[in-house]
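Observations on the model geometry
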Amino acid sequence: MRKVGLLFAAVPVVAGAALYFLAPVESDASGSQEDTAAEQSARDEAKAKAERDTDAAQRAADDKAIAALPPGLAAADKKVLAQQLMSSAESSTLNWRGSYGAIEDLGEGQGYTAGIIGFCTGTHDLRVLVENYTKAHPDNGLARYVPALRKVDGTDSHEGLDPGFTAAWKAEAQNEEFRAAQNTERDRVYFDPAVRLAKLDGLSTLGQFIYYDAMVFHGPDTSPTGFYGMREQAMEEAETPAEGGSERAFLSAFLDVRREAMRAKKANADTTRIDTAQRRFLDSGNFALKTPLQWQMYGETYRVP
């Protein structure tokens, strides 16, 4: 957090008989205060503009650097593979396209979990998805649940959602427009930011997937068990390739941090998505996520030819 210093003006007090004969000078205190406030406001605005310009310039430079890199996980075939890997962990199937209409309460304190990446009624993303979809398609079957979604956001409550919300979700998932909306929200909130940051950190296709999976599972927040918080912890243990470090060492540190974060949330958490999938890809040196690919999830073996 940036600390803003306060500037105090010291006013000297002069004592002397000669001052007795000086004519008093009237001052407009309120006008002076208004001028000072206006000047401070102008300085604050100029500072904010300079920061925005700096951020915009940095983002433009980052965009240029990323454009010069291989597509990595953003390549069409690798993006499908990423969804298959994700689906094996989230839905125990490689058929990720069959998950648009999935919805259930998993009992993890996040309300209903639904859709291709597990949007949750308790973690903001499902509410935002439905709100954005409703703006584009006002007459959709989920629109009437928007007030209830806003009310239960941040909780595990079903108030205002039962008994019809799950049926409405499944019905709406039959529409191509709603499936496209899920794709868009997935990319905007999770996939694109994760892949972008991984590329800036100098990570390979495997590293990009590791970031993406962590972003979806833990959420894009800065808490110790959130994606950005875990990344900061990993960077304390090992340098990223962009900093001159070893990718293997950094990703190993990140997976260690993530495993602990999963256990911190739930002591008996199943960490096979790390132990028998991502860790194995890393140990075998498959940084490009080349196929054929084989991994285990919750004791079941999956293969992509």
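What this report covers is the structure whose coordinates are included nearby. Because the structure is predicted, anything quoted here is derived from the model rather than measured.

**What to know about the overall build of the protein**
Scanning the protein from N- to C-terminus turns up 10 helices and five strands. In the protein, buried positions account for 41% of the 305 residues. Residue pairs at least 24 apart in sequence account for 57% of intrachain contacts in the protein once pairs closer than 6 positions are excluded.

**So, the packing of helix α2 (residues 76-90) against helix α7 (residues 205-218)**
Axis separation between α2 and α7 bottoms out at 11 Å; the angle between their running directions is 45°. Viewed along their axes, α2 and α7 adopt a mutual orientation that is oblique. The handedness of the crossing between α2 and α7 is right-handed. On α7, the residues touching Lys 78, Ala 82, Gln 83, Leu 85, Met 86 and Glu 90 of α2 are Thr 205, Phe 209, Tyr 212, Asp 213, Val 216 and Phe 217. Looking at side-chain class alone, the contact of α2 with α7 contains seven nonpolar, two polar and three charged residues.

**A closer look at the packing of helix α6 (residues 176-200) against α7**
Axis angle and axis distance: for two packed helices, these are the angle between their axes and the distance between the axes, and together they describe the pair. Running from N to C, α6 and α7 cross one another at 140°; their axes reach a closest spacing of 8 Å. Between α6 and α7, the angle is such that the two are oblique. Crossing of α6 over α7 shows right-handed handedness. Packed against α6, whose contacting residues are Arg 186, Val 189, Tyr 190, Phe 191, Pro 193, Ala 194, Val 195, Leu 197, Ala 198 and Lys 199, the element α7 presents Gly 207, Gln 208, Tyr 211, Tyr 212, Met 215 and Val 216 at the interface. Looking at side-chain class alone, the contact of α6 with α7 contains 12 nonpolar, two polar and two charged residues.

**Quick word on helix α3 (residues 125-136)**
Across its 12 residues, α3 extends 17 Å between first and last C-alpha, which sits within 8% of the 16 Å expected from 1.5 Å per residue. As for α3, its buried residues are in contact with β2 (112-114), β3 (119-120), α4 (146-152), α5 (165-172) and α6.

**Examining empty space enclosed by the protein**
With the rule as written, the count across this model stands at one cavity of 30 Å³ or more. For the largest cavity, the full set of lining residues is Leu 85, Ala 89, Phe 209, Asp 213, Arg 273, Ala 277, Gln 278 and Met 297. Counting residues per element, the ones that place at least two in the lining of the largest cavity are α2, α7 and α10 (272-283). A total of three residues in the lining of the largest cavity trace back to one element, the largest contributor, which is α10. Split by residue class, the lining of the largest cavity holds five nonpolar, one polar and two charged.

**With respect to the layout of surface pockets**
Of the volumes computed, that of the largest pocket is approximately 1,000 Å³. Together, 39 residues line the largest pocket, and Glu 90, Glu 108, Gln 110, Cys 120 and Phe 217 are the ones closest to its centre. Of all the secondary structure elements, the ones that give two or more residues to the lining of the largest pocket are α2, β1 (103-105), β2, β3, α3, α6, α7 and α9 (247-265). The biggest single contributor to the lining of the largest pocket is α6, with four residues. Broken down by class, the residue content of the lining of the largest pocket amounts to 17 nonpolar, 11 polar and 11 charged.

Criteria and cut-off values
- Residues numbered from 1 in each chain as written.
- Predicted model: local features only at pLDDT ≥ 70, side-chain atom pairs only at ≥ 80, totals over all residues.
- Heavy atoms only, no water.
- Helix = DSSP H or I, 4+ residues; strand = E, 2+ residues; numbered from the N terminus.
- Buried < 20%, exposed > 50% of the residue type's maximum accessible area, 1.4 Å probe, protein only.
- Contact = heavy atoms within 4.5 Å.
- Axes fitted to C-alpha atoms, helices over the stretch in contact; angles between N-to-C directions.
- Parallel < 35°, antiparallel > 145°, perpendicular 65-115°, else oblique.
- Left-handed = near helix turned anticlockwise from the far one by under 90°.
- Nonpolar A, V, L, I, M, F, W, Y, C, P; charged D, E, K, R; others polar.
- Expected span 1.5 Å × (residues − 1).
- 1 Å grid on protein atoms, 1.4 Å probe; cavity = no way out; pocket = protein on both sides within 12 Å on 5 of 7 lines; lining within 4 Å.
- Points joined across faces, edges and corners; volume = space filled by probe spheres on them.

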